[in-house]
Amino acid sequence: MSEPKYRSPKGVHDVLPEDHQYMTYVKKAIRHRARQAGYKRIDPPLFEDRAVFERGIGEHTDVVEKELFTVGRKGAEDDAGNKQFALRPEFTAGICRAYIEHGMQELPQPVELYSIGPCFRYDRPQKGRYRQFHQFSIEVIGLSDPSIDAQVINLLVKIFGDLKILERLTLQVNNIGSAEDRKKYVDAIKDFFTGKERHLPEVDRSRLITNPLRLLDSKEEDTIILLKNAPTMEQFLSDESKEYHATFLDYLTTLGIAFTPTPRLVRGLDYYNQTVFEFSDRSTGAQNAVGGGGRYDPLIELLGGKPTPAVGFAGGIERMIWHMKEAGVKAPNKDQVDVFVAQLGPEAKKKCLGLVSALRDLGVHTVGALGEASLKSQMRLADRFQARHCLLLGQLEVKDGTIILRDMTAGKQKQIPFDKAIPEIIKILGKKNLDTYSITDKLGEYTDPGEG
Ligand code: AMP
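Quick caveat: nothing in here was measured; it's all calculated off a predicted structure.

Focus on the environment of Val-12
- Mapped onto the elements, Val-12 comes out in the segment before helix H1 (17–36).
- Val-12 sits 108 residues away from Phe-120 along the chain, and the two C-alpha atoms are 9.5 Å apart.
- Setting aside anything within four residues of it in sequence, one finds Val-12 in contact with Arg-131 and Gln-132.

Considerations on the site of the ligand
- Residues in contact with the ligand amount to 14 residues; listed here are only the nearest, Arg-121, Asp-123, Tyr-130, Gln-135 and Val-290.
- Gln-135 is positioned with one of its side-chain polar atoms (N or O) 3.0 Å from an oxygen atom of the ligand.
- A distance of 3.2 Å is found between an oxygen atom of the ligand and a backbone nitrogen or oxygen belonging to Gly-316.
- Out of a free accessible area of 470 Å², the ligand has 92% covered by protein chains.
- Counting only elements with at least two residues in the shell around the ligand, the list comes to strand E6 (132–141) and strand E11 (310–316).
- A per-class count over the shell around the ligand returns five nonpolar, four polar and five charged.

Examining the environment of Glu-3
- Structurally, the position occupied by Glu-3 is in the segment before H1.
- Among the polar contacts listed, one links the side chain of Glu-3 to the side chain of Arg-7, at a separation of 3.1 Å.

Regarding the sheet that holds strand E3 (residues 70–71)
- Overall, antiparallel pairing links the three strands, which are arranged E2-E4-E3 in an open sheet. Single-partner strands in this sheet number two, and they are strand E2 (47–49) and E3.
- Pairing between E2 and strand E4 (residues 85–87): three bridges, direction antiparallel. Within E4, the residue paired with Asp-49 across the bridge is Phe-85.
- Together, E2, E3 and E4 form the strand contacts of helix H2 (residues 50–57), whose direction differs from that of E2 by roughly 80°.

Reading guide: rules and limits
Residues numbered from 1 in each chain as written. Predicted model: local features only at pLDDT ≥ 70, side-chain atom pairs only at ≥ 80, totals over all residues. Heavy atoms only, no water. Helix = DSSP H or I, 4+ residues; strand = E, 2+ residues; numbered from the N terminus. Contact = heavy atoms within 4.5 Å. Near = heavy atom within 4 Å. Polar contact = N/O pair within 3.5 Å; in protein donor to acceptor, adjacent residues only side chain to side chain. Areas by Shrake-Rupley, 256 points an atom, 1.4 Å probe, with all protein chains shown as cover. Nonpolar A, V, L, I, M, F, W, Y, C, P; charged D, E, K, R; others polar. Pairing = 2+ DSSP bridges. Axes fitted to C-alpha atoms, helices over the stretch in contact; angles between N-to-C directions.

This is the structure:
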């Protein structure tokens, strides 16, 4: 095959049909657990005023400083020449903007929302790090209590458990205190590094000025060595924060959730306070977290709303799927072709048109590539489609009112009356394998089709 002329951009992937088996399954698990817990779905737009992210996530975070995909029409830049809009790098800021905009503070609190969809970051592409990826996000807005934080984590534990990847993950937890606690701590960190700047790599030297807490989750070896003797956040927590954290840990224990206290866990985004947590890969550590979250009480006010406490989490779906594959978890293949209909001759073709349509209506996944090819090559095609069964209608069968039913796995076939083809297929497949969802006549007994 010659080299294709066009390829998808760097760090961006097609979600191919075989990937969707996993994608759909993961989304379904998330939706199922979120609904059980009373969450409602919200989809903020793919792009927002870039100020929503700058204000909400923090101007001196990697996500805003380096990774925002900005978009906009030429000539519509702001006074500083910046494009006005940015593709969402995560959901939380957009959801909080929507909470304020749609007056959700008038609803019974807390408001529990979840979101699933693509996010965009101009990251350096590498394993598990892409420029377009899928996140799911859950947010509980309007109430501050350690029991809410514990319940959010419990919901995630259920989701990861359903997907059979919980065992592969470690839950790291920390408390980064209130804004005042953190201010004292930031001063202490600055003091600690004063005079040591020249030992810091350049990236951390500038973080020390713009966002000193980021040094705590630095990946730079020199910084990590220096941090060994640095003051810890715990020393600066107020009694109130300490009590909040102790109660939170107690609730996790009550729920039977295992956790690892991680004093250096700060999370990369600015808006967090009190509880922070991450689910990381048990074998490789924090570098490839499957997801993280925490309490972000200051965010709604930062975005211009009334002060409103909140807690949330964002998980990376590609990384979850990677874990599922590593763990040998198979997602069900809902795209399996049940029946391939092959035919020969104009009469047979006409009869097969109706047959294919009727089978599909009854929930049988049916492919009828009703071309002019020979029966033999149609059978080869049925094989390539990995159809479970084949119905063959040639001129002879049309004449005597029969049809051939072939079991493709067993390689056996039998001739049956044409009218028996549908009941026979339904019988063989069994009721539970039929895809009988229909939006038009089954609303009363709606079953989740599991897409989207
Ligand atoms: P964050 O809020 O940055 O911690 O992101 C939450 C989760 O989203 C991470 O733990 C990852 O699972 C996922 N994630 C973040 N950025 C990327 C990326 N560039 N590619 C793939 N997944 C990502």
